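Chain by chain, the residues:
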Amino acid sequence: QVQLVESGGGLVQAGGSLRLSCAASGRTFSINTGGWFRQAPGKEREFVAAIRWRRGITWEADSTDYADSVKGRYTISRDSAKNTVYLQMNSLKPEDTAVYYCASGLSNNPLKMNEYGYWGQGTQVTVSS
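First, a word on scope: everything that follows refers to the structure included in this document. Every value quoted in this text rests on a predicted model; they were computed, and no experiment measured them.

Moving on, we come to the overall build of the protein chain. The helix and strand inventory of the protein chain stands at zero helices and eleven strands. When the helices and strands of the protein chain are read in sequence order from the N terminus, they spell out β-β-β-β-β-β-β-β-β-β-β. For 129 residues, the compact-globule formula gives about 14 Å, and the C-alpha radius of gyration of the protein chain, at 14 Å, lands near that figure. By its C-alpha atoms, the protein chain is 45 × 25 × 25 Å across when sized along the principal axes. Counting all 129 residues of the protein chain, 41% fall into the buried class. Pairs at least 24 apart in sequence give 58% of the contacts found in the protein chain among residues at least 6 apart.

Right under this line is the structure:
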C-alpha cells in the first residue's frame, strides 16, 4: 500500500501562484507514476499533469505530461529522496478552481484515472477574479 498526503491548496487571486505537494509513504518502490487530477463543482474529474520515472534508475530524466489547459503554466516535478511530487501552478485563472487530487501507481498511460491505484484526499484550490 501507498499512502498519499497532499498540501498547499488555498485561495489566490487570478495571476497568482500556488505549489501543491504530495508526499508518499509505504511501498513507494512499487510505483512509477505520480499524477494530479482536479474536479470542479458539477464537472467530472480531469487529468492535469503526470510524471513518470523508471524505478531504480536515477540517471534518466523523468517524463512529464500535461493537459492542454495547463501547459506552460503548471510544472510537475518530484523529489525522489522525499518521495514527494510537486505541482507548481503559475498564472492561475478562475477556471483553475477545483479540488486537486494527487494519485500514484504503476502506470503505462498516466492520463487515465484507472491507471492509478492510490489517491490522496484532495486539496481545494480557489482562484478569485
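And the narrative resumes.
Moving on to the packing of aromatic side chains. With the rule as written, the count across this model stands at four aromatic pairs. Grouping aromatic residues by their ring pairs yields a cluster made of Phe37, Phe47, Tyr116 and Trp119. Against the face of Tyr101 rests Arg45, its NZ or CZ located 3.7 Å from the ring centre. Over the ring of Trp119 we find Arg45; its NZ or CZ atom is 5.1 Å from the centre of that ring.

Tracing the backbone shows Thr33 in strand S4 (residues 33-39). A relative accessible area of 0% means that Thr33 is categorised as buried. In terms of polar contacts, Thr33 uses its side chain to reach the side chain of Asn32, at 2.9 Å. Residues contacting Thr33, with those up to four places away along its chain left out, are Ile51, Arg52, Trp53, Ala103, Ser104, Gly105, Ser107, Pro110 and Tyr116.

Our next topic: the nonpolar core. Judged by nonpolar contacts, the single largest core of 32 residues is most densely connected at Trp36, Val48, Tyr74, Leu87, Met89 and Tyr100. Contributions of two or more residues to this core are made by strand S1 (2-7), strand S3 (18-26), S4, strand S5 (46-52), strand S7 (74-79), strand S8 (84-89), strand S9 (98-105) and strand S11 (123-128). Ranked by residue count, the leading element in this core is S5, at five residues. Once you skip the residues sitting within four places of it in the chain, Val48 turns out to touch Trp36, Phe37, Arg38, Asp65, Tyr66, Ala67, Val70, Tyr74, Leu87 and Tyr100.

With that settled, the discussion passes to the state of the cysteines. Taken as a whole and judged by the stated rule, the model has one disulfide. With its sulfur 2.1 Å from that of its partner, Cys22 forms a disulfide with Cys102. Taking the torsion about the sulfur-sulfur bond, which here is approximately 55 degrees, the covalent link between Cys22 and Cys102 counts as right-handed. Here Cys22, found in strand S3, pairs with Cys102, found in strand S9; they are 80 residues apart in sequence, far enough to count as distant. In this structure, Cys22 and Cys102 share a single accessibility class: buried.

Basis of the calculations
- Throughout, a residue's number is its position along its own chain's written sequence, starting from 1.
- It should be noted that, the model being predicted, local features are given only for residues of pLDDT at least 70 and side-chain atom pairs only at 80 or more, the latter also being counted only at that level, while totals for whole chains, interfaces and linings use all residues.
- Derived side-chain values reflect all non-hydrogen atoms in the structure, with water molecules and hydrogen atoms excluded from consideration.
- In this text, helices come from DSSP runs of H or I with a minimum length of four residues, and strands from runs of E with a minimum of two, each type numbered from the N-terminal end.
- Atoms counted for the radius of gyration: C-alpha only. Globule rule: 2.2 Å times residue count to the power 0.38.
- Note on classification: 1.4 Å probe, protein chains only; a residue is buried when its accessible area is under 20% of the maximum for its type, exposed when over 50%, partly exposed between these limits.
- Two residues form a contact once any of their heavy atoms are found within 4.5 Å.
- For Phe, Tyr and Trp, rings pair up if their centres lie within 6.5 Å, where Trp contributes its six-membered ring, and each pair is then called stacked (planes under 30 degrees apart), edge-to-face (over 60) or tilted (otherwise).
- Geometrically, a charge over a ring is one whose NZ (Lys) or CZ (Arg) sits within 6 Å of the ring centre while staying within 35 degrees of the ring normal.
- For the purposes of these results, a polar contact is taken to be a pair of N or O atoms within 3.5 Å, where, inside protein, one atom must be able to donate a hydrogen and its partner to accept one; residues adjacent in sequence count only when each atom of the pair is a side-chain atom.
- We define a nonpolar core as any set of buried Ala, Val, Leu, Ile, Met, Phe, Trp, Tyr and Cys residues linked to one another through side-chain atoms lying within 4.5 Å.
- Working definition: a disulfide is two cysteine sulfur atoms within 2.5 Å of each other.

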